[in-house]
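What follows is each chain in one-letter form.
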Amino acid sequence: MKLYMNPNRIVGHINPEIYGHFSEHLGRCIYEGLFVGKDSPIPNTNGMRNDVVEALKDMKIPVLRWPGGCFADEYHWRDGIGPKEDRKKLINTHWGGVVEDNSFGSDEFMELCRQLGCKTYINGNLGSGTVQEMSEWIEYLTYDGVSPMAELRAKNGHKEPYSVDYFAVGNENWGCGGNMTPEYYGNLYRRYQTYVRNYNPEKPIYKIACGPNVDDYEWMREVLHTTHRHAPDFLHGFMDGISLHYYTIPGGWENKQSATVFDEKGWYETLNRALFIETLIKRHGEILRQYDESGKIGFIVDEWGTWFACEPLTNPGFLYQQNTMRDALVAGISLNIFNKHCNLVKMANIAQLVNVLQSVILTEGEKMLLTPTYHVFHMYQKHQDSDLIDSYLDTKEIGLEEKFMVPNLSESVSIDKDGKLQLTLNNLSLDESYQVDGMISEKKAVAVNGTILTNEMDAYNTFSQPDKVKTQRFEAVKLTEKGITLTIPPCSVVHLEIELEQ
Ligand code: AHR
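In what follows, the accompanying structure is described. (Residues numbered from 1 in each chain as written. Predicted model: local features only at pLDDT ≥ 70, side-chain atom pairs only at ≥ 80, totals over all residues. Heavy atoms only, no water.)

A few points about the environment of Glu108
The condition is simple: Runs of H or I in DSSP of at least four residues are treated as helices and runs of E of at least two as strands, each being numbered from the N terminus. In what follows, a contact means two residues having at least one pair of non-hydrogen atoms within 4.5 Å. Pairs of N or O atoms are called polar contacts if they sit within 3.5 Å, as long as, within protein, a hydrogen donor faces a hydrogen acceptor (for residues adjacent in sequence, only side-chain-to-side-chain pairs).
Examined against the element boundaries, Glu108 turns out to sit in helix α2 (residues 106–116). Placed 62 residues apart in sequence, Glu108 and Asn46 show a C-alpha to C-alpha distance of 8.5 Å. Sequence-distant contacts of Glu108, that is, excluding residues within four places in its chain, are made with Phe35, Met48, Gly80, Lys84, Arg87 and Ser103. At a separation of 3.2 Å, a polar atom in the side chain of Glu108 contacts the side chain of Arg87.

Side note on the site of the ligand
The criterion, for reference: The criterion for a residue being near a molecule or strand is simple. One of its heavy atoms has to lie within 4 Å of it. Accessible surface is estimated by sampling points in the Shrake-Rupley manner with a 1.4 Å probe; for residues, cover comes only from the protein chains shown. When residues are grouped by polarity, Ala, Val, Leu, Ile, Met, Phe, Trp, Tyr, Cys and Pro land in nonpolar, Asp, Glu, Lys and Arg in charged, and all others, Gly among them, in polar.
Taken together, 13 residues lie around the ligand, and Glu24, Cys70, Glu172, Tyr247 and Glu303 are the ones closest in. Taking 280 Å² as the accessible area of the ligand by itself, protein coverage stands at 94%. Class assignment for the residues of the shell around the ligand results in 7 nonpolar, 3 polar and 3 charged.

Quick notes on helix α6 (residues 217–228)
We count it as follows: Working rule for helices: expected span equals 1.5 Å times residues minus one. Under the scheme applied here, a residue whose accessible area is under 20% of the maximum for its type counts as buried, over 50% as exposed, and between as partly exposed, the area being computed with a 1.4 Å probe on protein chains only.
Its 12 residues place the ends of α6 16 Å apart at the C-alpha level, agreeing with the 16 Å of an ideal helix rising 1.5 Å per residue. Tyr217, Trp219, Met220, Val223, Leu224, Thr226, Thr227 and His228 are the residues of α6 that are buried. Looking at the buried positions of α6, the neighbouring elements they touch are α5 (182–194), β11 (241–248), α7 (264–291) and β12 (298–306). Looking one or two places after α6, you find His230, whose phi comes out positive at around 55°.

Notes on the sheet that holds strand β1 (residues 2–13)
Cut-off, in case you're wondering: When DSSP finds two or more bridges between two strands, those strands count as paired. Angles run from 0 to 180 degrees between N-to-C directions of axes, and those axes are lines fitted to C-alpha atoms, restricted for helices to the stretch in contact.
Here 10 strands make up an open sheet; going across it, the order is β23-β22-β26-β20-β19-β16-β1-β21-β25-β24 and the pairing mixed. Unpaired on one side and paired on the other, β23 (472–473) and β24 (477–479) mark the two borders of the sheet. Relative to strand β25 (residues 483–488), strand β21 (residues 434–440) is paired through 6 bridges, and the arrangement is antiparallel. When the sheet's bridge partners are listed, Met439 is paired in β25 with Gly483. Its contacts with the sheet place helix α9 (residues 372–380) against β20 (421–427), β22 (445–454) and β26 (492–500), and it is angled at close to 170° to β22.

Examining the pairing of β25
With 5 of 6 residues buried, β25 is to be regarded as a mostly interior element. Remark: 3 residues form the turn of the hairpin made by β24 and β25, two consecutive strands paired antiparallel.

Section: the side chain of Asn125
Structurally, Asn125 is set in the loop between β8 (119–124) and α3 (131–142). Here the side chain of Asn125 touches Asp73 through a polar contact of 3.5 Å, landing on its backbone oxygen. Among the polar contacts listed, one links the side chain of Asn125 to the backbone nitrogen of Gly129, at a separation of 2.9 Å. Apart from residues no more than four positions distant in its own chain, Asn125 is found in contact with Ala72, Asp73, Glu74, Tyr75, His76, Met134 and Tyr192.

A short note on the pattern of salt bridges
Note the threshold: Counted as salt bridges are all cases of a side-chain nitrogen of Lys or Arg within 4 Å of a carboxyl oxygen of Asp or Glu.
Under the defined criterion, the tally for this structure stands at 24 salt bridges. As a salt-bridge pair, Glu111 and Arg114 come within 2.9 Å of each other at their nearest N and O atoms. In this pair, Glu111 and Arg114 are both assigned in helix α2, 3 residues apart and thus about one turn of the helix distant. The exposed category is assigned to Arg114, whose relative accessible area is 54%. Between Glu432 and Lys396 there is a salt bridge whose closest N-O contact spans 3.2 Å. Pair noted here: Glu432 is in the loop between β20 and β21 and Lys396 is in the loop between β16 (387–393) and β17 (397–398), with a separation of 36 residues, a long-range link. The class of Lys396 is partly exposed, set by a relative accessible area of 34%.

Structure, rendered in structure tokens:
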């Protein structure tokens, strides 16, 4: 197979936020997974688990979305501030019917992001909250002056304002966020966002509208039509991004399948469904550009990943699932697609960070493990803030069923700030290895270093065997006259760093 790479042709810039994550008050994501409270015997800093924070920093988490998801449109931020003993206890009606004691609220989220060194993405409540409530949340978080909310924040121990980097005006308002029509939501978006004030003009908040579910092109078109109609003057700073939610669900919603017990057909079906995200990006992107010719509005894939049946004997409302090499490949091919569409995709947030759906970390009491998906994010981290270069890879179609065929290989290539090429390559085949001859235009490769993640298709890490699936040094690569040559084994994700002659 031939791979062509042209470092002289920069295609776009890869926003670090493409490697973003999502944390919801769902199951054991926030409570237990991230936050254990100051009095926990689990080592923590201001209540945040030290082991989890360290692992996420090492993976270079760029941005974190919170508090939902469906939870967001029922979340009233004032319930989660002030002395812990005074905070409201209520039932998390969306997820598992458990008691939400609100001990993790806005100040705790900001503390978590401070420890992680990542940007903040808050999802506002448009479904059941008022305009005033949303507006005062922004005031509480970001206003630096004399105001009731800034005073309240100072009283809670935070005189300095926080930075809200991204803010979504509602979540899935076509569904759990209020079951709205696109026209109705579009009008509400116009109204609510008006009061999401930029109190710090140096760091304006990036405002995100609720976009479509999967292939709901009508939602995309109508929301954009309604928001852009009769609005020429206030378009500046009015909408910076619009979201997409797409989950890879082999078997479909009604027939979700096991995360760990599957056959080869299940492997190819899953990868085929994951690849569909590229079609969605292209088609929704075309609609978006009809309304935004300048390309200012970003496409924000703020929920993506695999969704399988919950692990047996766990609360079905907690959406806890294991994570195998199949998830690693879904992550690898999806991130390659986002890189390739970096001129449109400005942020993506895999669902969800810890103990829910396609997580990078699982915890059990004081134990923690890194999933295969974690390793992929770790391997891809050097794409963050690099420039995508033009590349082309010969591929062929493989699979077992006509409707679920996939290309045998997937790749993306960027050039980092030090001038090194960052190549990520996936082999989707379960039984064939491939020789890949990489040709680099006009530059000579002088060194190459690689890492590989490979194992059986259904291999996963457990608390008794946490390192069954882990990265290794990749040796099957060497320099050639024209670039590099390598042999990629079946079912694997590879990262190569290629140094070029200056
Ligand atoms: O990630 C789980 C749920 O999936 C989110 O809460 C919701 O936005 C989506 O339907």
